[in-house]
Amino acid sequence: MTFEGIEGVGKSTQVALAAEWLRGRGLDVLTTREPGGTRLAEELRRLLLDCDHEHIAGTTELLLLFAARASHVAERIVPALERGQWVLCDRFTDATRAYQGGGRGLPAALIEQLAAIAHPGLSPDLTVLLDAPPELALARARIRSSHPDRFEQEDLGFFARVRAEYLAIAAREPRRLRTVDATAGVEAVTRAVAAVLGALLAASGR
Ligand code: TMP
């Protein structure tokens, strides 16, 4: 299961609360994040978020993200799934579709080719998309961090394109992606996410 959305929608909080909710129902849950999740992938994350670079070309960024993802999938996600754990991941390939595809304008076909190499046959059973207008979400993100990272420094137009791509994916795959209005307060968002998780558990017969 994955959680997606632009910066400032409260994703990390909701991942932690969802894990707690599922553990409370007796499930064995692993939480992890992208880019990251292994030592190598966390190093790549640091490089990707660092602002102290010369310009990074879109394809360089894309390949680094998929290198991190290939490591994360092979070393962490697949072994956890094989142990029977529920994997909750803060971002996955939808983030690449939205940020590198929608935001940077890289071709969707290229992203799908790399996804087929990095995680053949593996995609989330369910994706919670936390949705809020970039004006609101970015204002929240900027209150939180006084040193914006390389992505947080992008302008509103970039985040509007990222959000539009997330909503387009949700429209294309309504069974996998569940959109939750993230403009409400934390309690209301948490209740909405719990409703989505409850439906998933009921459907899986738990
Ligand atoms: P986070 O701060 O929400 O954990 O995410 C790190 C940043 O990485 C965020 O700005 C989005 C960006 N990102 C991409 O651009 N493409 C991706 O595939 C992933 C996983 C993250």
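Going by the structure above, here's the rest.
Because the structure is predicted, anything quoted here is derived from the model rather than measured. (Residues numbered from 1 in each chain as written. Predicted model: local features only at pLDDT ≥ 70, side-chain atom pairs only at ≥ 80, totals over all residues. Heavy atoms only, no water.)

Would you mind going over the overall build of the protein with me for this structure?
Regarding its fold elements, the protein presents eight helices and five strands. Secondary structure elements of the protein occur, N-terminal to C-terminal, as β-α-β-α-α-β-α-α-β-α-α-β-α. Taken along the three principal axes of its C-alpha coordinates, the protein extends 50 × 35 × 30 Å. Looking at the protein as a whole, 48% of its 206 residues qualify as buried. Relative to all contacts within the protein whose residues are 6 or more apart in sequence, the contacts with residues 24 or more apart total 79%. Surface exposure of the protein reaches about 10,100 Å², of which carbon and sulfur atoms provide 55%. Distance between charge centroids for the protein: 4 Å, based on 25 positive and 27 negative side chains. (Helix = DSSP H or I, 4+ residues; strand = E, 2+ residues; numbered from the N terminus. Buried < 20%, exposed > 50% of the residue type's maximum accessible area, 1.4 Å probe, protein only. Contact = heavy atoms within 4.5 Å. Areas by Shrake-Rupley, 256 points an atom, 1.4 Å probe, with all protein chains shown as cover. Lys, Arg positive; Asp, Glu negative; His and termini not counted. Charge placed at Lys NZ, Arg CZ, Asp CG, Glu CD.)

Quick question: what am I supposed to make of the nonpolar core here?
Buried together is how nonpolar side chains tend to be arranged in soluble globular proteins. Counting residues in hydrophobic clusters, the biggest one holds 37 residues, and the most contacted among them are Leu 22, Leu 88, Tyr 99 and Val 193. Counting only elements with at least two residues in this core, the list comes to helix H1 (11-23), strand S3 (86-90), helix H4 (93-103), strand S4 (127-131), helix H6 (134-144), helix H7 (156-172), strand S5 (177-181) and helix H8 (186-203). (Core = buried A, V, L, I, M, F, W, Y, C linked by side-chain atoms within 4.5 Å.)

Is there a simple way to explain the side chain of Glu 152 in this structure?
Positionally, Glu 152 belongs in the loop between H6 and H7. When its relative accessible area of 10% is taken as the criterion, Glu 152 is described as buried.

Would you explain the packing of aromatic side chains in this entry?
A complete count under the given rule lists five aromatic pairs for this structure. Between Tyr 99 and Phe 159, the ring centres sit 6.4 Å apart and the planes meet at 85°, which makes this aromatic pair edge-to-face. With a gap of 60 residues between them, Tyr 99 in helix H4 and Phe 159 in helix H7 connect regions that are remote in the sequence. There is no split in this pair, since Tyr 99 and Phe 159 are both buried. With a centroid separation of 5.2 Å and 90° between ring planes, the pair formed by Phe 158 and Phe 159 is classed as edge-to-face. Like Phe 159, Phe 158 is buried. Among the aromatic side chains, those forming a connected cluster through ring pairs are Tyr 99, Phe 151, Phe 158, Phe 159 and Tyr 166. In this structure, Arg 69 is placed above the aromatic ring of Phe 92, and the distance from its NZ or CZ to the ring centre is 5.3 Å. Sitting over the face of the ring of Phe 151, Arg 150 holds its NZ or CZ atom 5.1 Å from the ring centroid. (Phe/Tyr/Trp six-rings, centres within 6.5 Å; stacked < 30°, edge-to-face > 60°. Lys NZ or Arg CZ within 6 Å of the ring centre and 35° of its normal.)

What am I meant to see in the site of the ligand here?
For the ligand, the set of nearby residues contains 14 residues, the closest of which are Glu 7, Arg 45, Arg 91, Thr 96 and Gln 100. Separating an oxygen atom of the ligand from a side-chain N or O atom of Arg 91 is a distance of 2.9 Å. Here Gln 100 contributes a side-chain N or O atom positioned 2.8 Å from a nitrogen atom of the ligand. A total of 480 Å² of accessible area belongs to the ligand in isolation, and the protein chains cover 93% of it. Where the shell around the ligand is concerned, the elements lending two or more residues are helix H2 (39-49), helix H3 (58-82) and H4. When residues in the shell around the ligand are grouped by element, the largest group, four residues, is from H4. (Near = heavy atom within 4 Å. Polar contact = N/O pair within 3.5 Å; in protein donor to acceptor, adjacent residues only side chain to side chain.)

How should the pattern of salt bridges be read in this particular structure?
Side chains carrying opposite charge are able to pair once their charged atoms draw close together. With the rule as written, the count across this model stands at 14 salt bridges. Between Arg 104 and Glu 61 there is a salt bridge; the shortest N-O distance is 2.9 Å. Of this pair, Arg 104 sits in the loop between H4 and helix H5 (108-118) while Glu 61 sits in helix H3; the two residues are 43 residues apart in sequence, bridging distant segments of the chain. Arg 104 sits in the partly exposed class, given a relative accessible area of 26%. For Arg 97, the salt bridge goes to Asp 94, with nearest N and O atoms at 2.8 Å. Here Arg 97 pairs with Asp 94, and both are found in helix H4, just three residues apart, close to one helical turn. Here Arg 97 matches Asp 94 in class, with each residue buried. Taken together, the salt bridges that share partners define one network made up of Asp 94, Arg 97, Glu 112, Glu 173 and Arg 176. (Salt bridge = Lys/Arg side-chain N within 4 Å of Asp/Glu carboxyl O.)

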